[in-house]
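Here's the letter readout for the chains.
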Amino acid sequence: MPKKNSLMRQLNQQFFQKDAIEVAKALLGKIISYNSCSGMIVEAEAYKADPASHAYRITPRSEIMLKTFGHWYVYFVYGMYYCVNITTNGTKEPGAVLIRALEPLTGIEAMKERRKAYDLKNLCSGPGKLCAALGIDKSLNGTKVDGSMKVLDYKSISQGQIKVSHRIGIKEEKPLPWRFYIRDNIFVSRL
DNA sequence: TATTGGATCGCC
DNA sequence: GCGATCCAATAG
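About the thresholds
Residues numbered from 1 in each chain as written. Chains lettered and ligands numbered in written order. Predicted model: local features only at pLDDT ≥ 70, side-chain atom pairs only at ≥ 80, totals over all residues. Heavy atoms only, no water. 1 Å grid on protein atoms, 1.4 Å probe; cavity = no way out; pocket = protein on both sides within 12 Å on 5 of 7 lines; lining within 4 Å. Points joined across faces, edges and corners; volume = space filled by probe spheres on them. Near = heavy atom within 4 Å. Polar contact = N/O pair within 3.5 Å; in protein donor to acceptor, adjacent residues only side chain to side chain. Nonpolar A, V, L, I, M, F, W, Y, C, P; charged D, E, K, R; others polar. Phe/Tyr/Trp six-rings, centres within 6.5 Å; stacked < 30°, edge-to-face > 60°. Buried < 20%, exposed > 50% of the residue type's maximum accessible area, 1.4 Å probe, protein only. Lys NZ or Arg CZ within 6 Å of the ring centre and 35° of its normal. Helix = DSSP H or I, 4+ residues; strand = E, 2+ residues; numbered from the N terminus. Pairing = 2+ DSSP bridges.

Caption draft 1: View of the layout of surface pockets. In this structure, the largest pocket spans a volume of roughly 510 Å³. Around the largest pocket, the lining is made up of 21 residues, and of these Tyr75, Val77, Tyr78, Cys83 and Ile168 lie nearest the centre.

Okay, structure coming up:
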């Protein structure tokens with residue numbers, strides 16, 4: 001693990017009380033730290049109450065998106081992968097940001113071992129991949145963002161370095177431009 | 001209770 | 001391009 005210095009402030013719940021789109025952009029350049037492993041967020045997507053969102057209808061699974069902010073929302077997909085989100089938008093409207101890719105920083109050997117993948121570019125370049133790499137599972141669902149898994153300040157990303165596209169794996173009539181990633185970063189899931 | 005389809009990934 | 005693999009949501 002690297003030495004923590006004063007620049008690596010730990011983000012509190014309050015940070016996530018704002019809109020998912022704003023949070024998604026603000027998360028680029030931040031670090032996720034868990035299980036003695038860490039990586040810089042290079043790609044994230046916003047979800048609110050749009051038809052493609054779990055919160056389009058509030059169900060027992062998705063109500064965390066409505067009722068909380070600054071909590072981890074972890075769900076299981078395709079029978080074999082987990083995806084990790086952070087809830088946003090206060091407690092009156094639903095919102096969450098899906099973490100889609102990390103640039104691996106520390107605990108790289110452990111992450112390679114969990115993933116059985118040894119190419120750095122391939123280690124955390126997708127929502128399912130990064131959860132497998134860090135060992136994230138449903139036991140973290142509903143925990144606070146400043147609990148055992150944390151988010152730390154790291155690099156400042158300017159607006160000009162942020163690229164925007166439609167969300168991946170979503171079928172919708174008119175794709176919303178709610179995916180954000182760091183320009184020229186090789187660790188994103190795709191260009 | 002049964003059915004269907006998915007915010008994925010890796011191999012064919 | 002497609003199968004793996006199982007849970008969550010909906011319909012009945």
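Okay, back to it.
Caption draft 2: Up close: the protein's contact with DNA strand C. Taken together, Arg57, Thr59, Arg61, Phe76, Tyr78, Gly79, Met80 and Lys138 make up the full set of residues near DNA strand C. A breakdown of the atoms of DNA strand C within 4 Å of the protein gives sugar and phosphate a share of 74%. At 2.5 Å from a phosphate oxygen of DNA strand C is found a side-chain nitrogen or oxygen belonging to threonine 59. Interatomic distance of 2.6 Å between a side-chain N/O atom of lysine 138 and a phosphate oxygen of DNA strand C. Within the surface near DNA strand C, the residues separate by chemical class into 3 nonpolar, 2 polar and 3 charged.

Caption draft 3: Seen up close, the packing of aromatic side chains. Using the criterion set out here, one finds 3 aromatic pairs in the structure. Relative to tyrosine 75, the ring of tyrosine 73 has its centre 5.4 Å away and its plane inclined at 45°; by these criteria the two rings are tilted. Both residues of the pair, tyrosine 73 and tyrosine 75, belong to the buried class. Positioned above the aromatic ring of tyrosine 181 is the side chain of arginine 179, whose terminal nitrogen or guanidinium carbon lies 4.4 Å from the ring centre.

Caption draft 4: Representation of the pairing of strand β2 (residues 37-47) in the model. Across the 11 residues that make up β2, a large majority, 11, are buried. When strand β1 (residues 31-34) meets β2, the two strands line up antiparallel, connected through 4 bridges. If you follow isoleucine 31 over to β2, its bridge partner there is methionine 40. Taken together, β1 and the strand that follows it, β2, pair antiparallel across an intervening segment of 2 residues, in which asparagine 35 is found at a positive phi of about 60°. Pairing of β2 with strand β5 (residues 96-106) involves 9 bridges; the strand directions are antiparallel. Its bridge partner being in β5, tyrosine 47 is matched across the sheet by alanine 96. In this structure, β2 lies alongside strand β8 (residues 179-182), joined through 3 bridges in antiparallel fashion. Note on β8: the bridge partner recorded for alanine 44 is phenylalanine 180.

Caption draft 5: Spatial organisation of the protein's contact with DNA strand B. Inspection of the region around DNA strand B gives 20 residues, with Tyr75, Asn85, Arg115, Gly128 and Lys171 positioned closest. Per the 4 Å cut-off to the protein, sugar and phosphate atoms form 54% of the nearby atoms of DNA strand B. Between DNA strand B and the protein, one listed contact pairs a base nitrogen with a side-chain N or O atom of tyrosine 75 at 2.7 Å. In the environment of DNA strand B, a phosphate oxygen lies 3.0 Å from a nitrogen or oxygen atom belonging to the backbone of lysine 129. Of all elements in the fold, only β4 (81-87), β5 and α4 (127-134) reach the threshold of two or more residues within the surface near DNA strand B.

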